[in-house]
Amino acid sequence: MQSLLLSHEIKWVQQYDFLEKSGYRLRPRYQPGWVPSWNTNPNNSLLRLKAEDNIRSKFPDVLDATRIRDGAQVVLKRVRTTTQELKIGLWLSAEGLRDLPQNHCVPHLESLHDPSDPDHAILVFPLLRRLDMSPFVTIAECIDFVEQTLEGLAFMHEHEVAHRDCTMHNIMMDGRRMFPEGFHPMMPYLTRDGSRILGNGLTRTEAGGVRYFFIDFGISTMGPKFVFGLDGQERAPELTDGDNVPYDPFKLDVYILGMAYRAAFMTEHRGAEVILPLVEAMTAENPAERPTAAECVDRFKTMRSGCSTHFLKGFLRSYNPDTENVVTTFLLDWINKIANFWTEGLPEADPIPPLESFWK
């Protein structure tokens, strides 16, 4: 029933058979000849609201799928064959680079080429989870996020790739350990089949840690040191001089990531002030005064070596300058100490399952 589909969803229906032959199955909504499940009782509006096949695709060129051979959840992204994103994805996921632990670029599992649409390729990625759907709880979780993302940025820059839009919106995590039953790709707060609310899942600490990945290389560049253009979500100082003024995209990346840390851990939370000197260096107004990504990693390691286990087990806490005072700070600090005492000696979680298991 194409009348119930959004205009951008129809293209996916047209490619259903090609994707099936390529080893990827779309949800029932996108099967040719789809009949809505709620048609069994069209007068029951509640039935439609609860139906999994009523969940629409949010983005015109992005859709979820299931890999047929092993049931893995993946994401499909349709891009033009001339885009830099395709070239960069193939490069960073090439054999010899893709398995390196410092590579935190979203794995580019496969590129599909539909003969009926020669101007586009379909990129296949593992299903990842948005950061803001699972809040950071402890200082250790914050420090681990900073370490992984700095390591990933330095890796990109070492291989002459500048992301140019590495905000928190373009960093995601492997959520399999936190949500062992899976989750719905378009409605991540629902179970995989869309039948019920998922709940909070495990924290990062309870899950034994998670792995983070940079996504969306749509405006990324390779090679040349200086670039032009004002694209991106973060308004860095060098982007205020007009789109015909060249700038260093690698120093831009450092600024954007520093601002991401500031927004996530400095503005509305207390507890992670240990990273403030690094953040201030990364967000210097003058790009020439910012450290390189590799230098940020070195500074981070020096800072991290001075953090005690007791400190890292402390909790991040929400900060409201209108209500914060000496008494509340004292009480929250003691709550942290008590929580640390009770969690001391809990068994370690099993190792994090590597995303390499997605590779063929």
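Residues numbered from 1 in each chain as written. Predicted model: local features only at pLDDT ≥ 70, side-chain atom pairs only at ≥ 80, totals over all residues. Heavy atoms only, no water.

**Student:** Give me the overall build of the protein: which residues, what numbers.
**Tutor:** The helix and strand tally for the protein stands at ten helices and twelve strands. For the protein, buried positions account for 47% of its 360 residues. Restricting the contact set of the protein to residue pairs at least 6 apart, pairs at least 24 apart contribute 70%. Carbon and sulfur atoms provide 57% of the accessible area of the protein, an area that totals close to 18200 Å². (Helix = DSSP H or I, 4+ residues; strand = E, 2+ residues; numbered from the N terminus. Buried < 20%, exposed > 50% of the residue type's maximum accessible area, 1.4 Å probe, protein only. Contact = heavy atoms within 4.5 Å. Areas by Shrake-Rupley, 256 points an atom, 1.4 Å probe, with all protein chains shown as cover.)

**Student:** Tell me about the sheet that holds strand 6 (residues 129-130), residues and numbers included.
**Tutor:** Sheet strands associate in pairs through backbone hydrogen bonding, adopting either a parallel or an antiparallel arrangement. One open sheet accounts for three strands, arranged 6-8-9; its pairing is antiparallel. Two strands close off the open sheet at either side, each with one partner strand: strand 6 and strand 9 (212-214). Here strand 8 (residues 171-173) pairs with strand 9 via three bridges, running antiparallel. The partner of I171 across the bridge, within strand 9, is F214. Contacting strand 8 and strand 9, helix 5 (residues 139-158) runs over the sheet at an angle of about 35° to strand 9. (Pairing = 2+ DSSP bridges. Axes fitted to C-alpha atoms, helices over the stretch in contact; angles between N-to-C directions.)

**Student:** Account for the environment of F183, naming residues and giving values.
**Tutor:** Structurally, F183 is set in the loop between strand 8 and strand 9. Through-space distance from the C-alpha of F183 to that of R129 is 9.0 Å; in sequence the pair is 54 residues apart. Excluding anything up to four places from it in sequence, F183 contacts Q73, L127, L128, R129, P188, L190, T191, R192 and L198.

**Student:** Describe the packing of helix 5 against helix 6 (residues 249-267), and please don't skip the residues or the numbers.
**Tutor:** Following both chains from N to C, one finds helix 5 and helix 6 inclined at 170°, their axes separated by 11 Å at the closest point. The angle between helix 5 and helix 6 places the two elements in the roughly antiparallel class. Facing C142, F145, V146, T149, L150, L153 and H157 of helix 5, the residues of helix 6 in contact are F250, D253, V254, L257, Y261 and F265. Each residue belonging to the contact of helix 5 with helix 6 can be placed in one class, and the counts come to ten nonpolar, two polar and one charged. (Parallel < 35°, antiparallel > 145°, perpendicular 65-115°, else oblique. Nonpolar A, V, L, I, M, F, W, Y, C, P; charged D, E, K, R; others polar.)

**Student:** So what's going on with the pairing of strand 3 (residues 73-80)? Residues and values would help.
**Tutor:** In terms of burial, strand 3 is largely enclosed, as seven of its eight residues are buried. Taking the residues that link successive antiparallel strands as the turn, the strand 2 (residues 62-67)-strand 3 hairpin has five residues, and the phi of G71 there is positive, at about 75°.

**Student:** Talk me through the packing of helix 5 against helix 8 (residues 293-305); I want residue IDs and the actual numbers.
**Tutor:** Running from amino to carboxyl end, helix 5 crosses helix 8 at an angle of 155°, the nearest separation of the two axes being 8 Å. Put simply, helix 5 runs roughly antiparallel to helix 8. Read as a crossing pair, helix 5 and helix 8 show a hand that is left-handed. Residue-level contacts link I143, V146, E147, L150, E151, L153, A154 and H157 of helix 5 to A293, A294, C296, V297, F300, M303 and R304 of helix 8. (Left-handed = near helix turned anticlockwise from the far one by under 90°.)

**Student:** Describe in detail the sheet that holds strand 5 (residues 120-126), supporting the description with residues and values.
**Tutor:** As summarised here, the arrangement of the five strands in space is 1-2-3-5-4, forming an open sheet in which the pairing is antiparallel. The open sheet has two free edges, formed respectively by strand 1 (24-25) and strand 4 (110-112), since each of these has just one partner strand. Inspection of the sheet shows strand 1 paired to strand 2 by two bridges, in the antiparallel sense. When the sheet's bridge partners are listed, Y24 is paired in strand 2 with R67. The strands touched by helix 1 (residues 7-14) are strand 2, strand 3 and strand 5; relative to strand 3, the strand with the most contacts, the crossing angle is about 105°. Where helix 4 (residues 84-92) meets the sheet, its contacts fall on strand 3, strand 4 and strand 5, and the angle it forms with strand 5 comes to roughly 40°.

**Student:** I'd like to hear about the state of the cysteines, residue by residue, with values.
**Tutor:** Using the criterion set out here, one finds zero disulfides in the structure. A disulfide-free cysteine, C142 has its sulfur positioned 9.6 Å from the sulfur of C307, the nearest such atom. (Disulfide = S-S within 2.5 Å.)

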